[in-house]
Amino acid sequence: MNTISLWRRGFKGDLITIAVMVTLAVICFHFMPSNLSFFTRIIAIMLLVLAIDLVTGFTGIATLGHAALYGAGAYAAGIAAAKFGINDPVLMLLVGIVAGALMGLLSSLVILRGHGLSQLVLSIAVVQLAREAANRFSTWTGGSDGLAGISPAPLFGMWRFDLWGRTSYWLAVALLIVTFITLRQIIRSPFGKLCQAIRQDPVRVRAMGAPVYLTQVKMYVISGAVAGLGGALSAVATKVVGLDSLSFELSAEAVVMLVLGGTANLYGALIGSAVFMWFEHTMSTINPYHWLTIVGALLVAIVLFAPRGLTGLAESLWARLMKGAFK
Amino acid sequence: MQTIFSIGADALAYGMVLFVISIGLSVTMGLMKFVNLAHGAFAMLGGYIASYATQSLGWHFGFALLAAVALCMILAVPLERFLYRRFYGASELRQVLMTIGLTFMMIGIANWLMGPTLKTIALPPSLQGPVDIGFRSFPAHKIFAAAVGLITALGLWLLIERTFFGVKLRAAVDDAKMAEALGIRTKAVYAISFALAIGLAAMGGVVGAQLLPIEPQYALHHMVTFLVVVCVGGAGSIGGALAACLILGMVKTTGAYLWPEFGNFFFYLAVIAIVSMLPNGLMGRAK
């Protein structure tokens, strides 16, 4: 299967997706202009959740440490800007992507040594170690105060990053669309199919002669690039990088978002993070502790009654509806 | 020399507290194949009950400890029956998420009911003072915690390896269908084991409260540590958990004494080294 036929096959669906995303972005821009920086944050986290979906949903590697990749991208972009004077936002994003991919490579070498529970624990150890390192080497990272002094230059020399976050909002939307379409292609490609086969039965894939370990590492690197992009985007948009971008809590929350939306489904990652973060945003202004109780109950209910997440729930409802309509 | 003894004594106390709390998790994870991340939340709940009983009701520490264990075990039964039982045999990720959700709920409720402040448990006079152990004086409650840990390890080993209940539990774990065919009520065995594990968590929370203080974020803060202990030791192995607690306690205490600014760095480095070399833990059974 060559690349052109791949593009053609999903072309119509991709066009619809792009149209829906652009429409939503325009609606959000015009009707909630005071929330633009919040939307940008959602998109940065969406990239992280998409990255987790690649390894957990599609390749079957359980991880609770993906914030290490997101944080690596955020800190790399931040350090490049604050310490080396690389202020061009595109360059910053590239630095974030490379750093995320490198961190993905490193952590995959550790995480792939375990299975099941030990895999989870190794991934947690990786993110905790990264966090400790960022906390200790405070001359580079700012430690627990966070890394400040990031001032990105105008995008393409034309658009300044303004106070309302309009530039970073449109930058985020564009990045999300490009990443999403690229990931759709990767998922549809023979490589993507191989990853899904590994999730279902690694022993059989190995018996058929396909490289299991190498494929997993590759997917982890791709996932790292996506997560690193998310981190770099947050560094460009918020102009600070804090230790919270490198925490176990962020990893766990991102996995929660993924499961809420539905795993092994790129739309699920988007919907899950949007719903979760919107819910958190509204509820935590009312009472942060009740928010935690409610999100806990929601999580239990989702895992209990809709193990395939919101998108899975929608799919089965739709299927039932269709069945009723054609009876 | 003095420093080495001091590090050893502190490491032992810290390790044994970790052991008391984590051994229940090791039982649920190794024998029942359930990743119960809410384990720390039950330890926290036990701590809150004991704190309330000693501070507000004026109970003796011993009664408070018993009350905490009993109440948590009573709570564990319906939870096991209506929630946990549905996830036996489910994927690790689903179990993790369900129990993280439960932990979030318990943190939220604890904060709502008890407030965000630190809660202390009143110790009886016999556990308050320092005890001279030759080369330095050492807090009595730490010796108490270490003793409780050792007794728990021994008792649990006897229960699992030497009693008829232990035989039934191991049979139910190895082959549930066959065990049931032989007349073992596997559901009851699981329920009792789960309640036992929760009781151990509550006891650990109360006994270890001086080292791991009781506050609403307790469950989340220490969740990772307990999970790490079980994984390093090998799930379901009492000896492994004991060894893991002592090693990790040693690494952490030594790090805190000699390179305080690097705190947890060595801890997680050791975890990665051990788990990547021995994916089943120090004494875990191969899957």
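Residues numbered from 1 in each chain as written. Chains lettered and ligands numbered in written order. Predicted model: local features only at pLDDT ≥ 70, side-chain atom pairs only at ≥ 80, totals over all residues. Heavy atoms only, no water.

Chemist: Would you explain the pattern of salt bridges in this entry?
Modeler: Here the idea is simple: oppositely charged side chains can pair when their charged atoms come close. According to the stated counting rule, one finds four salt bridges over all chains in the structure shown. E132 of chain A is the partner of R136 of chain A in a salt bridge, and the nearest nitrogen-oxygen pair spans 3.8 Å. Linking R136 of chain A with E132 of chain A, this pair stays in helix α6 (residues 117-136), spanning four residues, or about one helical turn. Note on E132 of chain A: relative accessible area 10%, which makes it buried. Between R85 of chain B and E80 of chain B there is a salt bridge whose closest N-O contact spans 3.3 Å. (Salt bridge = Lys/Arg side-chain N within 4 Å of Asp/Glu carboxyl O. Helix = DSSP H or I, 4+ residues; strand = E, 2+ residues; numbered from the N terminus. Buried < 20%, exposed > 50% of the residue type's maximum accessible area, 1.4 Å probe, protein only.)

Chemist: Sorry, what's going on with the nonpolar core here?
Modeler: Nonpolar side chains in soluble globular proteins generally cluster together in the buried interior. Counting 205 residues, the largest nonpolar core has L50 and L233 of chain A together with Y84 and V271 of chain B as the members making the most contacts within it. Of the residues forming this core, the biggest block, 17 residues, is contributed by helix α3 (residues 36-58) of chain A. Those residues within four positions of Y84 of chain B in sequence are excluded, and the remaining contacts are F34, N36, A38, F42, L79, M98, T99, L102 and F194 of chain B. (Core = buried A, V, L, I, M, F, W, Y, C linked by side-chain atoms within 4.5 Å. Contact = heavy atoms within 4.5 Å.)

Chemist: Explain unusual backbone geometry here, please?
Modeler: Leaving glycine out, the prevailing phi sign among residues is negative, and the prevailing peptide bond configuration is trans. Of note, A264 of chain A is a non-glycine position whose phi angle comes to about 55°, a positive value. Along the chain, A264 of chain A turns up in the loop between α12 (248-261) and α13 (266-286). Unlike most non-glycine residues, K33 of chain B shows phi in positive territory, near 55°. One can find K33 of chain B in the loop between α1 (2-30) and α2 (39-55).

Chemist: Got a minute to help me understand the interface of chain A and chain B in this structure?
Modeler: Where interface size is quoted, it is often the accessible area lost as the parts come together. Taken residue by residue, the interface counts 37 residues in chain A and 38 residues in chain B. Summing both sides of the interface, chain A and chain B together bury roughly 3,600 Å²; the carbon and sulfur share of this comes to 82%. In this structure, the connection of chain A to chain B is made through zero salt bridges. At the boundary of chain A with chain B, the tally comes to two residue pairs in polar contact (both at pLDDT 80 or more). (Buried area = accessible area lost by both parts, 1.4 Å probe. Polar contact = N/O pair within 3.5 Å; in protein donor to acceptor, adjacent residues only side chain to side chain.)

Chemist: Help me out: how do you make sense of the packing of helix α7 (residues 164-174) of chain B against helix α9 (residues 186-207) of chain B in this one?
Modeler: If you want to describe how two helices pack, look at the angle between their axes and the distance between the axes. Residue and element names in this part refer to chain B. Interhelical geometry of α7 versus α9 gives an angle of 110° and a closest axis separation of 10 Å. The angle between α7 and α9 places the two elements in the roughly perpendicular class. Crossing handedness for the pair α7 and α9: left-handed. Contacts between α7 and α9 involve F165, K168, L169, A172 and V173 from the former and T186, V189, Y190, I192 and S193 from the latter. (Axes fitted to C-alpha atoms, helices over the stretch in contact; angles between N-to-C directions. Parallel < 35°, antiparallel > 145°, perpendicular 65-115°, else oblique. Left-handed = near helix turned anticlockwise from the far one by under 90°.)

Chemist: Would you take a moment to explain the side chain of S237 of chain B for this structure?
Modeler: All names here are of chain B. Residue position: S237 is located in the loop between α10 (218-233) and α11 (238-258). A distance of 2.7 Å separates a polar side-chain atom of S237 from the backbone nitrogen of G240. Residues in contact with S237, not counting those within four places in the same chain, are S26 and M283.

Chemist: I would appreciate a short explanation of the UniProt feature "transmembrane region" (unreviewed entry) in chain B in the present structure.
Modeler: Residue and element names in this part refer to chain B. Mapped onto this structure's residue numbering, the UniProt feature "transmembrane region" (unreviewed entry) falls at residues 6-27, 34-53, 59-84, 96-114, 143-160, 188-212, 224-250 and 262-282. End C-alpha to end C-alpha, residues 34-53 measures 31 Å, and it is 75% helix and 0% strand. The distance from the first to the last C-alpha atom of residues 96-114 is 26 Å, and the span holds 100% helix and 0% strand. (UniProt positions renumbered as here; feature names shortened; annotations may be inferred.)

Chemist: Before we go on, may I ask you to explain a nonpolar patch on the surface in this structure?
Modeler: Residues and elements named next belong to chain A. A grouping of V98, L102, L105, L106, L109 and Y213 is seen on the molecular surface, where their side chains present a nonpolar patch of about 560 Å² in accessible area. Tallying contributions element by element places helix α5 (residues 89-111) first for the nonpolar patch, with five residues. As for its placement among the helices and strands, L106 is situated in helix α5. Residue class for L106 comes out exposed when judged on its relative accessible area of 55%. (Patch = residues over 30% accessible without salt bridge, like charges linked within 9 Å, V, L, I, M, F, W, Y side chains within 5 Å. Areas by Shrake-Rupley, 256 points an atom, 1.4 Å probe, with all protein chains shown as cover.)

Chemist: Just checking my understanding: could you explain the packing of aromatic side chains for this structure?
Modeler: To describe a pair of aromatic rings, you give the distance between the ring centres and the angle between the ring planes. The full count for this structure, using the stated rule, is 15 aromatic pairs over all chains. On the numbers, 6.1 Å between centres and 40° between planes, the contact of F38 of chain A with F39 of chain A is tilted. We classify F38 of chain A as buried; its relative accessible area is 11%. When its relative accessible area of 10% is taken as the criterion, F39 of chain A is described as buried. Ring geometry for F39 of chain A and Y169 of chain A: centres 6.3 Å apart, planes at 50°, overall tilted. With F39 of chain A in helix α3 and Y169 of chain A in helix α8 (residues 166-188), this pair connects stretches of sequence that are 130 residues apart. Accessibility assignment for this pair places F39 of chain A and Y169 of chain A in one class, buried. Geometry around F82 of chain B places R81 of chain B over its ring, the cationic atom sitting 5.2 Å from the centre. A cation over an aromatic ring shows up here: K252 of chain B above the ring of F267 of chain B, its NZ or CZ 4.9 Å from the ring centre. (Phe/Tyr/Trp six-rings, centres within 6.5 Å; stacked < 30°, edge-to-face > 60°. Lys NZ or Arg CZ within 6 Å of the ring centre and 35° of its normal.)

Chemist: Which parts of the structure should I look at to understand the UniProt feature "transmembrane region" (unreviewed entry) in chain A?
Modeler: All names here are of chain A. Following the UniProt record, one finds the feature "transmembrane region" (unreviewed entry) at residues 12-32, 38-55, 92-112, 168-187, 219-242, 254-279 and 291-313. Here residues 12-32 is 95% helix and 0% strand, with 30 Å between the C-alpha atoms at its ends. The distance from the first to the last C-alpha atom of residues 219-242 is 27 Å, and the span holds 83% helix and 0% strand.

Chemist: What is the right way to look at the environment of L97 of chain B in this model?
Modeler: Checked against the element boundaries, L97 of chain B lands in helix α4 (residues 92-114). Residues L97 of chain B and N36 of chain B, spaced 61 residues apart in sequence, show a C-alpha to C-alpha distance of 9.5 Å. With near-sequence residues (within four places) excluded, L97 of chain B lies in contact with V255, V256, V259, L299 and V303 of chain A.

Chemist: Got a minute to help me understand the environment of Q128 of chain A in this structure?
Modeler: Checked against the element boundaries, Q128 of chain A lands in helix α6. By relative accessible area, Q128 of chain A is classed as buried at 14%. Residues Q128 of chain A and G65 of chain A, 63 residues apart in the sequence, show an inter-C-alpha distance of 8.1 Å. When near neighbours in sequence (up to four residues on either side) are disregarded, Q128 of chain A contacts F248 of chain A together with V224 and Y268 of chain B.

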